[in-house]
Amino acid sequence: MARTTEPADTRPSNRPGVPMYGRAGTHAAITKPPLDQQRASVPVLVGVDVGRLTPVFGTMQPPRGLSGLIRRAGYRIPEHKAGRWLLLLLGDRVDVWESRLRRQRWPALGLGAVIAGLFIWRRRTA
């Protein structure tokens, strides 16, 4: 019984798909356009590992209140420490409760949370 197909390791001249194969790579040089640095109109948190702002960043959720204090504390810890991520998650949960308090129009509780956060922050820095 004769073989009708050629094995893949035969000479390229005997393989019917060889002329269709293209060279790997591109024909044009790939260059990235330079990005202008975005200006921060609100406080933007930057981690200690990065040390600077990236050219483009989000400003829709600026840090504020007790959750902002917790996030600031988290951003002072290097990224490889679990405490950083726990503080950032805690800051997110506190932010949810702060927004619920603001929505329910309970300003006394919201103000109390902010005052408690400032008290804790001052105790830690003193």
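The rules behind the values
Residues numbered from 1 in each chain as written. Predicted model: local features only at pLDDT ≥ 70, side-chain atom pairs only at ≥ 80, totals over all residues. Heavy atoms only, no water. Helix = DSSP H or I, 4+ residues; strand = E, 2+ residues; numbered from the N terminus. Polar contact = N/O pair within 3.5 Å; in protein donor to acceptor, adjacent residues only side chain to side chain. Contact = heavy atoms within 4.5 Å. Phe/Tyr/Trp six-rings, centres within 6.5 Å; stacked < 30°, edge-to-face > 60°. Lys NZ or Arg CZ within 6 Å of the ring centre and 35° of its normal. Expected span 1.5 Å × (residues − 1). Buried < 20%, exposed > 50% of the residue type's maximum accessible area, 1.4 Å probe, protein only. Arc of directions from axis to C-beta. Axes fitted to C-alpha atoms, helices over the stretch in contact; angles between N-to-C directions. Parallel < 35°, antiparallel > 145°, perpendicular 65-115°, else oblique. Nonpolar A, V, L, I, M, F, W, Y, C, P; charged D, E, K, R; others polar.

Trainee: Mind laying out the side chain of Glu 98, listing which residues take part and the relevant values?
Mentor: Examined against the element boundaries, Glu 98 turns out to sit in helix H2 (residues 82-103). A distance of 2.8 Å separates a polar atom in the side chain of Glu 98 from the backbone nitrogen of Leu 66. Aside from chain neighbours lying at most four places away, what touches Glu 98 is Arg 64, Gly 65, Leu 66 and Ser 67.

Trainee: Which residues make up the packing of aromatic side chains, and what are the values?
Mentor: In the structure shown here, the tally under the stated rule is 0 aromatic pairs. The ring of Trp 85 carries Arg 84 above its face, with NZ or CZ at 5.1 Å from the centroid. The side chain of Arg 100 reaches across the aromatic face of Trp 97, ending 4.8 Å from its centre.

Trainee: Give me H2: which residues, what numbers.
Mentor: With 22 residues, H2 should cover 32 Å at 1.5 Å per step; its first-to-last C-alpha distance of 32 Å lies within 8% of that length. Among the residues making up H2, those that are buried are Arg 84, Leu 88, Gly 91, Val 94, Asp 95, Glu 98 and Leu 101. All buried residues of H2 project into a common sector of 130° when viewed along the axis, lining one side. Facing away from the buried side of H2 by over 90 degrees, the exposed positions are Ala 82, Leu 86, Leu 89, Arg 93, Trp 97 and Arg 103.

Trainee: Provide a residue-level description of the packing of helix H1 (residues 65-75) against H2, including the pertinent values.
Mentor: Between H1 and H2, whose axes approach to 8 Å, the crossing angle comes to 170°. The angle between H1 and H2 falls in the class roughly antiparallel. Here H1 contributes Gly 65, Leu 66, Ser 67, Ile 70, Arg 71, Ala 73, Gly 74 and Tyr 75 to the contact with H2, which in turn contributes Arg 84, Leu 87, Leu 88, Leu 90, Gly 91, Asp 92, Val 94, Asp 95 and Glu 98. The class makeup of the residues in the contact of H1 with H2 is 8 nonpolar, 4 polar and 5 charged.

Purely spatial values, then, with no claim about function.
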